[in-house]
There are 2 protein chains.
Amino acid sequence: MRVEVVNTGNELLSGRVLNHHLAFLGRELFALGLRIARQVTVPDGEGLSEVLREAWIRCELLVVTGGLGPTSDDVTRRAAAEAIGVELEFRPELEAEVCRTYESQGLRGTEWAARAQAWVLRGAKLLPNPFGTAWGMIVEKEGKSIVLLPGPPRELQPMWRDHVVPWLKEKLGVRSLFEHRFRTFGLGESRIEDRIGSLLRKFRSVEIGYYEHLGEVELRVVSSDFREWEEAIEVIRERLGDWIFSEDGESLEEVVIHAARSLGKKLAVAESCTGGLLAHRLTNVPGSSLVFTFGWVTYGAVAKVQELGVPQEVLERWGEVSGPTAEAMAYGALERSGADVAVGITGVAGPGASPGGPPAGTAWIGLAWPGQKRSFACFHEVGDRPSFKFLLTQEALDLVRRKLLGLPDKG
Amino acid sequence: MRVEVVNTGNELLSGRVLNHHLAFLGRELFALGLRIARQVTVPDGEGLSEVLREAWIRCELLVVTGGLGPTSDDVTRRAAAEAIGVELEFRPELEAEVCRTYESQGLRGTEWAARAQAWVLRGAKLLPNPFGTAWGMIVEKEGKSIVLLPGPPRELQPMWRDHVVPWLKEKLGVRSLFEHRFRTFGLGESRIEDRIGSLLRKFRSVEIGYYEHLGEVELRVVSSDFREWEEAIEVIRERLGDWIFSEDGESLEEVVIHAARSLGKKLAVAESCTGGLLAHRLTNVPGSSLVFTFGWVTYGAVAKVQELGVPQEVLERWGEVSGPTAEAMAYGALERSGADVAVGITGVAGPGASPGGPPAGTAWIGLAWPGQKRSFACFHEVGDRPSFKFLLTQEALDLVRRKLLGLPDKG
């Protein structure tokens, strides 16, 4: 099935916002075994009808985002009607419903706006919108389908998942399309492919989507054949083992917080070069306050000594960026907080490095738990500071995950 | 001048990456007084030639990204040649240059790859690429122009700025197109428009681009008329005053770090609900270690008492989320660090709130400096935790900026 996407909105073309819709739809369609063959962005109102007409000729499924609201430049309805050759019809009962929605959501809607929303494409299947007043629409004609979706992501995404996906699955006859998601840390995409690529080749129905993010590779396993899908998942699980940190979509910080919670363990962190990012990531997880209450940003030697009790002689002998310092930071955090596992991170984010010290990109992560401590050396090519910091927090979280779950450390 | 953009790349259509190129080009073209009339994304290699041919008919400037490298699916060169009707020619001297580049950048390039890169569109102006081996190209034909740019952002962006912009300015006769950028905190887009909209209407040549980010509104002022541009800037400066935090593109954390550095002041932070994000943002600024060395994440009452010396009776009488607690946190951070200005932040990020306590979304920011302390109440509708945290750090940074620069607090 040839799929095309048309996004409307001046804000996409002026660089005000990134086209998140395209990325969202790309992933969602992949999970249904579909690919986007072409995507077009057009300004509000201009030339939309022509673009839709051209796309309608080429494709079998046309997804259009934006321009369904009641304001003057929201012309998607009209353009779509023209492009596919159906009429717009006025549905008085919809006008009344929009008025009720305005009331129940406490919005000030004008009569005029409610009237505008009541015009729909003849024969359209209307998609309810619990987060706004613009219905989505699906029109099927001559073996082709057009899907109209509202522009705001918080309206578009639930509408897509709750209404378009079930309709599309039925249409495709893929009620039994299966998807599984792995998130991994520690192996690059090519090393993952080396490990699993040849083994998966025999599963003809299985498609693997690789999504490489900073410090993570995500795999999506999609198939319409349950047996092959299950076997492929088993192969991946076996070959990637504990490089996989989640199979339910959880981020590394969520995995760590949830593991600590269920084990009744407390965490503490002492950060130098990551400057608070590790604490920030942990505290992004709802419920983190139950397991993480103490963090330090000791962005200099004095702070390390005074707040964490890092011995002066460790700093002098080994330097601020060293295994012993990272361990002493972790140990200090452990002692002061009474936590069960503590992390210390120290490194050179750059751009510059101290004369005689380790080069920018060097870092050490220390781990302490009652009666023990260890440290791990890391090196990352320094691009920008935030990326360097993120990669280190990713490593630190993975070390904590391994510690909590009793997994071996990875080299 | 009608401008269209064609982006190539499977990764854009599968949702692996967001189309940052479009946002970049949208902003850059706006600064030259141009708008993108249409943008198309196509997969690597498929149907590209047809898309380019259609776009070439419609527009006067066609910008194409991606597909210039030597790998097999990089077919942009050939598709562009076909679409605009010029020949590809082999330039032996370029082959030699690519080999030299491979060597100097320490890349392993194959002979075959070097050969592929030496094919260029006849008559093309070649754009040097200091960050890769694929030249960019500009071809002008019959009053139209096509610009081919490499896909990696770190290659595309400098090439655009260093080579395409000067060429385009000359072409447009806008050697004198002026741009100025304001970044503001504390007023929404509509309140800014209320303040300046009617006053700017008389400057017919001036265009204002509004970019609303989380906790910030950015304004870009563009004109080809130097006089009007200068006057418009003056009007904006006068009407928005110290809501403007930078005019040179600096972020709020950069403004704060640079102000502290130039004043020789040290900063410290004590964070509860922002959980390290404020420290993270400060330490994203190169050179921050000279002014910021002490931070605490005290994500619970015990940590606040033990690490910051917040008096138990303050917590009991006023509660953890209160002005006195925020002030005591700031004061504790000030005392322990010896800083000149310290911040304390405490609030309820939600989703839940303590029974009997303030509702989710409530927060207090305390500010302390030698001999004094103050606190400020904030409330933000809690969407997601990271956004709530970001808005609070934005408020805290603005308070520190105002303190350092001797500006009045804003209500």
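Source: prediction; values computed, not measured.

## Some remarks on the overall build of chain A
Here's step 1: Each helix and strand in chain A was counted, giving 15 helices and 17 strands.
Here's step 2: Burial status across chain A gives 57% buried among its 411 residues.
Here's step 3: Once local pairs closer than 6 in sequence are excluded, the contacts in chain A between residues at least 24 apart make up 67%.
Here's step 4: Of the charged side chains in chain A, 48 are positive and 56 negative; the average position of the first set lies 2 Å away from that of the second.

## Here we look at the packing of aromatic side chains
Remark: the centre distance and the inter-plane angle together describe each pair of aromatic rings, the angle taken between the planes.
Here's step 1: Summed over the entire model, instances satisfying the criterion amount to 12 aromatic pairs over all chains.
Here's step 2: Each ring, one from Phe226 of chain B and one from Trp229 of chain B, has its centre 5.6 Å from the other, and the planes form 40°; the classification is tilted. Residue Phe226 of chain B and its partner Trp229 of chain B are both found in helix α9 (residues 226-240); the two are separated by 3 residues, about one turn of the helix.
Here's step 3: With a relative accessible area of 40%, Phe226 of chain B lands in the partly exposed category.
Here's step 4: Taken together, the ring pairs in this structure connect Phe178, Phe226 and Trp229 of chain A into an aromatic cluster.
Here's step 5: The cationic tip of Arg27 of chain A hangs over the ring face of Tyr211 of chain A; the distance from NZ or CZ to the ring centre is 4.4 Å.
Here's step 6: It is Lys373 of chain B that lies over the ring of Tyr331 of chain B; its NZ or CZ is 5.0 Å from the centre.

## Some words on the relation of the copies chain A and chain B
Relating the two copies of this chain is a rotation about some axis coupled with a shift parallel to it.
Here's step 1: Overlaying chain A with chain B gives an RMSD of 0.2 Å, the required rotation being 180° about an axis along which the chain moves by 0.2 Å. The symmetry that links the two subunits is that of a two-fold axis.
Here's step 2: The fraction of interface residues of chain A whose copies in chain B are also interface residues reaches 98%, indicating that both copies meet through the same surface.

## Things to note about the sheet that holds strand β8 (residues 144-149) of chain A
To summarise the sheet geometry, strands pair through backbone hydrogen bonds and adopt either a parallel or an antiparallel arrangement.
Here's step 1: Pairing in this open sheet of 12 strands is mixed, and the strands run β6(A)-β7(A)-β8(A)-β3(A)-β1(A)-β2(A)-β2(B)-β1(B)-β3(B)-β8(B)-β7(B)-β6(B) from one edge to the other. Edge positions in the open sheet fall to β6 (125-127) of chain A together with β6 (125-127) of chain B, since each of these has one partner strand only. Going across the sheet, the axis of each strand differs from the next one's by a mean of 15°, ignoring polarity.
Here's step 2: The strands touched by helix α2 (residues 20-31) of chain A are β1 (3-8), β2 (36-42) and β3 (61-65) of chain A together with β2 (36-42) of chain B; relative to β2 of chain A, the strand with the most contacts, the crossing angle is about 160°.

## Observations regarding the nonpolar core
Here's step 1: Of all hydrophobic cores here, the largest spans 68 residues; its most connected members are Leu121 of chain A together with Leu121 of chain B.
Here's step 2: Excluding anything up to four places from it in sequence, Leu121 of chain B contacts Arg77, Ala80, Ala81, Ile84, Val86, Glu87, Leu88, Met137, Val139 and Leu148 of chain B.

## Things to note about the pairing of strand β7 (residues 136-141) of chain B
Residue and element names in this part refer to chain B.
Here's step 1: In terms of strand pairing, β6 meets β7 through 3 bridges, oriented antiparallel. Bridging across to β7, Leu127 finds its partner in Gly136.
Here's step 2: A loop of 2 residues connects β7 with strand β8 (residues 144-149), the two strands running antiparallel in sequence, and Glu142 in this loop sits at a positive phi of about 50°.

## Here's the deal with the sheet that holds strand β13 (residues 267-271) of chain B
Here's step 1: The strand order across the open sheet formed by 10 strands is β17(A)-β16(A)-β15(A)-β13(A)-β14(A)-β14(B)-β13(B)-β15(B)-β16(B)-β17(B), and the pairing between neighbours is mixed. Two strands close off the open sheet at either side, each with one partner strand: β17 (372-379) of chain A together with β17 (372-379) of chain B. Looking at each pair of strands side by side, their axes are set apart by 15° on average, direction ignored.
Here's step 2: Strand direction decides the pairing type here: strand β14 (residues 292-298) of chain A and strand β14 (residues 292-298) of chain B, joined by 5 bridges, are antiparallel. Within the sheet, the bridge partner assigned to Phe294 of chain A lies in β14 of chain B and is Thr298 of chain B.

## Regarding the pairing of β14 of chain B
All names here are of chain B.
Here's step 1: By the criterion of burial, β14 is predominantly enclosed, with 7 of the 7 residues buried.
Here's step 2: In this sheet, β14 lies alongside β13 in parallel orientation, the contact comprising 5 bridges. Considered in β14, the bridge of Leu267 is made with Phe292.
Here's step 3: As for the winding sense of the linkage, the β-α-β connection from β13 through helix α11 (residues 277-283) to β14 is right-handed.

## A look at the pattern of salt bridges
Here's step 1: Going through the model one piece at a time under the given rule, you end up with 50 salt bridges over all chains.
Here's step 2: The shortest N-O distance in the salt bridge between Glu189 of chain B and Arg16 of chain A comes to 3.2 Å. Of this pair, Glu189 of chain B sits in helix α8 (residues 189-200) while Arg16 of chain A sits in the loop between α1 (10-13) and α2, each in a different chain.
Here's step 3: Taking the relative accessible area as the measure of exposure, Glu189 of chain B reaches 16% and is therefore buried.
Here's step 4: A salt bridge links Arg38 of chain A to Glu50 of chain B, with the nearest nitrogen and oxygen atoms 3.5 Å apart. Here Glu50 of chain B lies in helix α3 (residues 48-58) and Arg38 of chain A lies in strand β2, a pairing that spans two chains.

## Digging into unusual backbone geometry
Residue and element names in this part refer to chain A.
Here's step 1: At Glu142, a residue that is not glycine, the phi angle is positive and equals roughly 50°.
Here's step 2: Looking at the element boundaries, Glu142 is found in the loop between β7 (136-141) and β8.
Here's step 3: We classify Glu142 as exposed; its relative accessible area is 69%.

## Thoughts on the interface of chain A and chain B
Here's step 1: Taken together, the contacts link 60 residues of chain A with 59 residues of chain B.
Here's step 2: Across the interface of chain A and chain B, roughly 4,700 Å² is buried in total on both sides, 53% from carbon and sulfur atoms.
Here's step 3: On the chain A side of the interface with chain B, the three residues burying the most area are Arg16, Arg38 and Tyr299 of chain A, jointly 13% of the side's total.
Here's step 4: Counting every contact that joins chain A to chain B gives 6 salt bridges.
Here's step 5: The salt bridge partner of Glu54 of chain A is Arg38 of chain B, with a shortest N-O separation of 3.7 Å.
Here's step 6: Counting across the interface, chain A meets chain B through 34 residue pairs in polar contact (both at pLDDT 80 or more).
Here's step 7: Along the lines of polarity and charge, the residues of the side of chain A that touches chain B split into 26 nonpolar, 22 polar and 12 charged.
Here's step 8: Where β2 of chain A lies against β2 of chain B, 3 bridges are found, and the strand directions are antiparallel. Among the inter-strand pairings, Thr41 of chain A is bridged to a residue of β2 of chain B, identified as Gln39 of chain B.

## Quick word on the packing of helix α10 (residues 252-263) of chain B against helix α15 (residues 385-405) of chain B
Residues and elements named next belong to chain B.
Here's step 1: Two elements in contact, α10 and α15, have axes whose closest approach is 9 Å; the angle formed by their N-to-C orientations is 30°. Put simply, α10 runs roughly parallel to α15. Considering only the axes of α10 and α15, their crossing is left-handed. Together, Leu252, Glu253, Val255, Val256, Ala259, Ala260 and Leu263 of α10 and Gln394, Leu397, Asp398, Val400, Arg401, Leu404 and Leu405 of α15 make up the contact between the two elements.
Here's step 2: The class makeup of the residues in the contact of α10 with α15 is 10 nonpolar, 1 polar and 3 charged.

## What about helix α14 (residues 323-337) of chain B?
All names here are of chain B.
Here's step 1: For α14, spanning 15 residues, the distance from its first C-alpha to its last is 21 Å, which sits close to the expected 21 Å at 1.5 Å a residue.
Here's step 2: The buried fraction of α14 is high, at 11 of 15 residues.
Here's step 3: Among the residues making up α14, those that are buried are Gly323, Thr325, Ala326, Glu327, Ala328, Met329, Ala330, Gly332, Ala333, Leu334 and Ser337.
Here's step 4: Just beyond α14, the residue with positive phi is Gly338, at close to 70°.

## Notes on the domain arrangement of chain A
Here's step 1: Considered domain by domain, chain A is made up of domain 1 (3-172), domain 2 (178-246) and domain 3 (252-405).
Here's step 2: Between the C-alpha centres of domain 1 of chain A and domain 3 of chain A the distance comes to 47 Å.

## Thoughts on the environment of Gly406 of chain B
Here's step 1: Following the sequence through the fold, Gly406 of chain B ends up in the segment after α15.
Here's step 2: For the pair Gly406 of chain B and Trp318 of chain B, spaced 88 residues apart in the sequence, the C-alpha separation amounts to 30 Å.

How each quantity is defined
Residues numbered from 1 in each chain as written. Chains lettered and ligands numbered in written order. Predicted model: local features only at pLDDT ≥ 70, side-chain atom pairs only at ≥ 80, totals over all residues. Heavy atoms only, no water. Helix = DSSP H or I, 4+ residues; strand = E, 2+ residues; numbered from the N terminus. Buried < 20%, exposed > 50% of the residue type's maximum accessible area, 1.4 Å probe, protein only. Contact = heavy atoms within 4.5 Å. Lys, Arg positive; Asp, Glu negative; His and termini not counted. Charge placed at Lys NZ, Arg CZ, Asp CG, Glu CD. Phe/Tyr/Trp six-rings, centres within 6.5 Å; stacked < 30°, edge-to-face > 60°. Lys NZ or Arg CZ within 6 Å of the ring centre and 35° of its normal. Least-squares fit on C-alpha atoms with pLDDT ≥ 70 in both. Pairing = 2+ DSSP bridges. Axes fitted to C-alpha atoms, helices over the stretch in contact; angles between N-to-C directions. Core = buried A, V, L, I, M, F, W, Y, C linked by side-chain atoms within 4.5 Å. Right-handed = clockwise from strand over helix to strand, strands pointing away. Salt bridge = Lys/Arg side-chain N within 4 Å of Asp/Glu carboxyl O. Buried area = accessible area lost by both parts, 1.4 Å probe. Polar contact = N/O pair within 3.5 Å; in protein donor to acceptor, adjacent residues only side chain to side chain. Nonpolar A, V, L, I, M, F, W, Y, C, P; charged D, E, K, R; others polar. Parallel < 35°, antiparallel > 145°, perpendicular 65-115°, else oblique. Left-handed = near helix turned anticlockwise from the far one by under 90°. Expected span 1.5 Å × (residues − 1). Domains from an automatic or database assignment.

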